[in-house]
Amino acid sequence: MNWLRAMSGSLVRGGGRWKVTGSPRPIVDMSYTHHFVDFHGCNIPSTMKKLLVTQLSPNFRQAVILTPSAPVPVPGNEELLVRNRFLGVNASDINYSSGRYDMSKKPPFDAGFEGIGEVVALGLSASKDYTVGQAVAYAKAGSFAEYTVVPAKIAVPVPSIKPEFLTLLVSGTTAYISLKEMGDLTEGKKVLVTAAAGGTGQFAVQLAKKAKCFVIGTCSSEEKAGFLKSIGCDFPINYKNEDVGSVLRSKVPEGVDVVYESVGGEMFDMSVSHLSVKGRLIIIGFISGYQTSHGILPIKVGALPAILLKKSASIHGFFLNHYLSEYQNAIMSLLKLYLKGELVCEVDYGDLSPEGRFIGLESVFRAVDYMYTGKNIGKIVVELPHPVNSKL
């Protein structure tokens, strides 16, 4: 193993070349293809905890196990090793662990989609743009682990390790891209957002308001209704106390122009029936059916062609992976809005869940259960505290 010398600290550009400044750190040439840069004095363990999908099931607790001593991965030449500090929990975690996203993928495979933390090691080529100790966020399969190897090209540099940045990676970009590509939002349009106080609904509400639309949001409590008003929602509907269809008939008898729909089942049926002429319904999920054996709840599809034809209306499905060419622009636009104080990124740490805040990988299971209670406001995140014996 060849030991070379480099410098830790920040990368700076001077004279047309990248230079490193700071105190010494070793660069370890692990092989011809792996160049592992280890921060001098940073305690990187040899093993870690991670969540592993061992069988395909819509029941997350049956599908996934906690592995207590998995090897900490080694980053390749163009990769980063990220010590995760916060993890995002998504409804899609159920579809992933049940095998619905990729039927060819067989267990065992790693769980989780997104994380934020600091770079603790990196490949030689990756060190051109990143330094050890730098805060990064990422969206990549396998985030439910204490450490994750992330390709440098998909990492998102962030000013600090705040879970608010994590909310933008999947939830924020889903709302941004789907509404931009399919919503055709213009001033005065009437927009209905279902599950509006959730992880992605909160962004659909705010982005529609930025387009000067009239926004209606469904939710399940008065507390959520209050939150929706605080982020600009014109008319929250608590479906626990009110019939959504009746309220819509009274409030917008001509129908809604755009629906941002993530619930499915009866909520989908109701949304279709209240589309306006030339209305658009965007499906970004159908969480009400994810835990069922078939992954969906019955809908009244028989009348769908007639309804759409009569109104010249349309339904669009949106899956983020099909729009990755738009991802970089979306994430940068959202980051700018948040840093300028023009976007609320609400985070739910699980403080009001039965066993309290979600801390440690073990609590991911509770966080998924909590998500299906429908009580969260904003994005559900899990914190991973690390005993740090380093200069990071």
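Just above sits the structure.
Since we're looking at a predicted model, the values are computed, not measured.

What follows deals with the overall build of the chain. Check the secondary structure of the chain and you find ten helices and 21 strands. For the chain, the proportion of its 392 residues judged to be buried stands at 53%. Surface accessibility of the chain: about 17600 Å² in total, with carbon and sulfur atoms responsible for 54%.

Mapped onto the fold, Ser-92 is located in helix H2 (residues 92-97). Here the alpha-carbon distance between Ser-92 and Phe-286, two residues 194 residues apart in the chain, equals 9.7 Å.

In this section: the sheet that holds strand S16 (residues 235-238). A sheet is described by the order of its strands in space; here six strands give the open sequence S16-S15-S14-S17-S18-S19, paired in parallel fashion. With partners counted over all chains shown, the strands left at the sheet margins are S16 and strand S19 (314-317), one partner each. Averaged over all pairs of adjacent strands, the angle between their axes in this sheet comes to 15 degrees, without regard to strand direction. Where strand S15 (residues 214-219) lies against S16, four bridges are found, and the strand directions are parallel. Residue Cys-219 lies in a different strand from S16, and its bridge partner there is Asn-238. Strands strand S18 (275-283) and S19 of the sheet are contacted by helix H8 (residues 304-311), whose axis makes an angle of about 130 degrees with S18.

Here the focus is the pattern of salt bridges. Should the charged atoms of two oppositely charged side chains come close, the side chains can pair. In this structure the tally under the stated criterion is 16 salt bridges. We note a salt bridge from Lys-49 to Glu-362, for which the minimum N-O separation is 2.7 Å. Taken together, the residues span a long stretch of sequence, with Lys-49 in strand S6 (residues 47-53) and Glu-362 in the loop between strand S20 (347-348) and helix H10 (364-371) at a distance of 313 residues. Linking Glu-118 and Arg-83 is a salt bridge whose minimum nitrogen-to-oxygen distance equals 2.8 Å. Separated by 35 residues along the polypeptide, Glu-118 in strand S10 (residues 114-122) and Arg-83 in strand S8 (residues 79-88) bring together distant segments of the chain. We note that Glu-118, like Arg-83, is buried. Residues joined by salt bridges that share partners form a network here, namely Arg-83, Arg-85 and Glu-118.

Across the sheet, three strands lie side by side as S7-S6-S9; this open sheet has antiparallel pairing. Because the sheet does not close on itself, it has two edges, and the strands there are strand S7 (64-71) and strand S9 (109-110).

Here we come to helix H3 (residues 163-183). Each α-helix winds once per 3.6 residues, and so residues spaced three or four apart point in a common direction. Here H3 spans 28 Å end to end across 21 residues, near enough to the 30 Å set by a 1.5 Å rise per residue. Burial of H3 is extensive: 19 of the 21 residues sit out of reach of the surface. Of the residues one or two after H3, Asp-184 is the one with positive phi, at around 50 degrees.

Rules used in this analysis
- Residues numbered from 1 in each chain as written.
- Predicted model: local features only at pLDDT ≥ 70, side-chain atom pairs only at ≥ 80, totals over all residues.
- Heavy atoms only, no water.
- Helix = DSSP H or I, 4+ residues; strand = E, 2+ residues; numbered from the N terminus.
- Buried < 20%, exposed > 50% of the residue type's maximum accessible area, 1.4 Å probe, protein only.
- Areas by Shrake-Rupley, 256 points an atom, 1.4 Å probe, with all protein chains shown as cover.
- Pairing = 2+ DSSP bridges.
- Axes fitted to C-alpha atoms, helices over the stretch in contact; angles between N-to-C directions.
- Contact = heavy atoms within 4.5 Å.
- Salt bridge = Lys/Arg side-chain N within 4 Å of Asp/Glu carboxyl O.
- Expected span 1.5 Å × (residues − 1).

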